[in-house]
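What follows is the residue order along each chain.
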Amino acid sequence: MLLGGRPLAEHLGAHWQLALSWCGTWRQRVRDYLTDALEHLVLFALAYTVACLILYALIVRWRALRFRRDVRPSRRVLFVIAHPDDETMFFGPTILRFTQDPACSVYLLCLSTGANYGMGKVRKKELYDACKVLGIRDECITVQSHTKLPDAMDTRWPAEIVAQIVSHHLQSLGIDTLITFDKHGVSRHLNHCSIYYAIALLSTANKLPKDCQVYVLETINVIRKYWKVFDIPICYILSSVRFITNASDRRLLYKAMTQHKSQFVWFRRLYLVFSRYQLINTLQRMDASDIQLDLDVDDIQLADD
Ligand SMILES: [Zn+2]
């Protein structure tokens, strides 16, 4: 059989050859493109790594870069946490920043003894020992043991009770800066989140002291949580308040965590090595419009539950 004056097999063979050479050309183009892209990616990763390390070195050497644009000078700072070990595991860089300032008095209010496994007394003692390492004096620490505030992942603490306790401490200690968890509580532990909503309640009811500024520790996604030094540029872009530790600060945090002997299991040791909260804290000022929105959403969620 003839096609265009040539046998059909010869005709198809020519097309087949053409198709093969076309495929070969495209395969080569794709390979070149991927090689180029990979080279660019490696170069970018190297440049980003170098930039992060230089930035970190500058921050550690030049303290002015570490801090904040909008934190007013603080003289009396209160950290409100839910359990013994929250102070070291999450707030360490911020606590060290304030305890290293001789003009600043630092107070800690822990709303439970962490008695989840009947270890309340032990954990309370461990908290005091850890705070000693961090520079918080014994007389500046209060640990609550309230039946309505149990240490339990899935228990939302009553906002009114937490608000009342926090309000009492703010007033009696003359606090000008309050620092606590944000609405996601770093790990979405409901005890942590409860503190945010209680303080939001105080704020909307105008029960916070006039001169008291409130900051919350930003919860970050799981990738950033373990990105350590690589998260620094992102912090500078997204957060206005940041506290970054140097090597000696991190040694102190490690020592403080070793005081929590009952909690110092293998996965917490790993956490200390890899967690970004040991290197960087970023804070946000509590904003009135955000608070109202959060309380509205919270009401809807409670209604759904
Ligand atoms: Zn906790």
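One structure accompanies this document, and this report is about it. Since the structure is predicted, the reported quantities are computational estimates derived from the model, not experimental observations.

1. A few points about the pairing of strand β4 (residues 105-110)
- Within β4, 6 of the 6 residues are buried, which leaves it mostly tucked inside the rest of the structure.
- Of the two faces of β4, the one lined by Ser-105, Tyr-107 and Leu-109 and the one lined by Val-106, Leu-108 and Cys-110 are each fully buried.
- Taken together, the 6 bridges between strand β3 (residues 76-81) and β4 define a ladder with parallel strand orientation. Residue pairing for β4: Arg-76 is matched across the bridge by Ser-105.
- As judged from the 3 bridges shared by β4 and strand β5 (residues 141-143), these two strands associate in the parallel manner. Counted as the bridge partner of Leu-109 is Thr-142 from β5.

2. Some remarks on the nonpolar core
- Leu-78, Phe-79, Val-80, Leu-111, Val-166, Ile-195 and Ala-198 are the most contacted members of the largest nonpolar core, which has 59 residues in total.
- Apart from the residues lying within four places of it in its own chain, the contact partners of Leu-111 are Val-80, Ala-82, Gln-144, Leu-149, Val-162, Ile-165 and Ile-195.
- Counting residues in hydrophobic clusters, the runner-up holds 8 residues, among them Tyr-56, Phe-243, Ile-244 and Leu-279.

3. Things to note about unusual backbone geometry
- The phi dihedral of Asn-206 falls on the positive side, at around 55°, and the residue is not glycine.
- When you line up the elements, Asn-206 lands in the loop between α7 (190-204) and β7 (213-217).
- Backbone geometry at Lys-228 places phi at a positive 45°, although glycine is not the residue there.
- In this fold, Lys-228 is placed in the loop between α8 (222-225) and α9 (232-238).
- What makes Lys-228 partly exposed here is the crowd of 18 C-beta atoms within 10 Å.

4. Some remarks on the sheet that holds strand β6 (residues 177-181)
- In space, the 7 strands of this open sheet follow the order β5-β4-β3-β6-β7-β9-β8, with mixed pairing throughout. Looking along the sheet, the strands with just one partner apiece sit at the ends: β5 and β8 (241-244). Pairwise comparison of adjacent strand axes, ignoring direction, gives a mean angle of 20° for this sheet.
- Judged from the 4 bridges that link them, β8 and strand β9 (residues 280-285) form a sheet pairing that is antiparallel. Considered in β9, the bridge of Arg-242 is made with Thr-282.
- Taken strand by strand, helix α4 (residues 120-134) contacts β4 and β5, and its axis lies near 160° from that of β5.
- Set on the sheet, α7 makes contact with β3, β6 and β7; between it and β6 the angle comes to about 140°.

5. A short note on the packing of helix α5 (residues 159-173) against α7
- The N-to-C vectors of α5 and α7 enclose an angle of 70°; their axes lie 8 Å apart at closest approach. Classified by the angle their axes make, α5 and α7 are roughly perpendicular. Contact residues: α5 offers Ala-159, Val-162, Ala-163, Val-166 and Ser-167, while α7 offers Ser-194, Ile-195, Tyr-197, Ala-198, Ile-199, Leu-201 and Leu-202.
- Looking at the contact of α5 with α7 residue by residue, the classes come out as 10 nonpolar, 2 polar and no charged.

6. So, the packing of α4 against helix α10 (residues 247-259)
- Contact pair α4 / α10: the axes reach a minimum separation of 8 Å and the direction vectors enclose 165°. One way to sum up the angle between α4 and α10 is to call them roughly antiparallel. You can see that α4 and α10 cross each other, and the crossing is right-handed. From α4, Glu-126, Asp-129, Ala-130, Val-133 and Leu-134 reach across to α10, where they touch Leu-252, Lys-255, Ala-256 and Gln-259.
- The class makeup of the residues in the contact of α4 with α10 is 5 nonpolar, 1 polar and 3 charged.

Calculation rules
Residues numbered from 1 in each chain as written. Predicted model: local features only at pLDDT ≥ 70, side-chain atom pairs only at ≥ 80, totals over all residues. Buried ≥ 20, exposed ≤ 12 C-beta atoms within 10 Å, placed from the backbone. Helix = DSSP H or I, 4+ residues; strand = E, 2+ residues; numbered from the N terminus. Pairing = 2+ DSSP bridges. Core = buried A, V, L, I, M, F, W, Y, C linked by C-beta atoms within 7 Å. Contact = placed C-beta atoms within 7 Å. Axes fitted to C-alpha atoms, helices over the stretch in contact; angles between N-to-C directions. Parallel < 35°, antiparallel > 145°, perpendicular 65-115°, else oblique. Nonpolar A, V, L, I, M, F, W, Y, C, P; charged D, E, K, R; others polar. Left-handed = near helix turned anticlockwise from the far one by under 90°.

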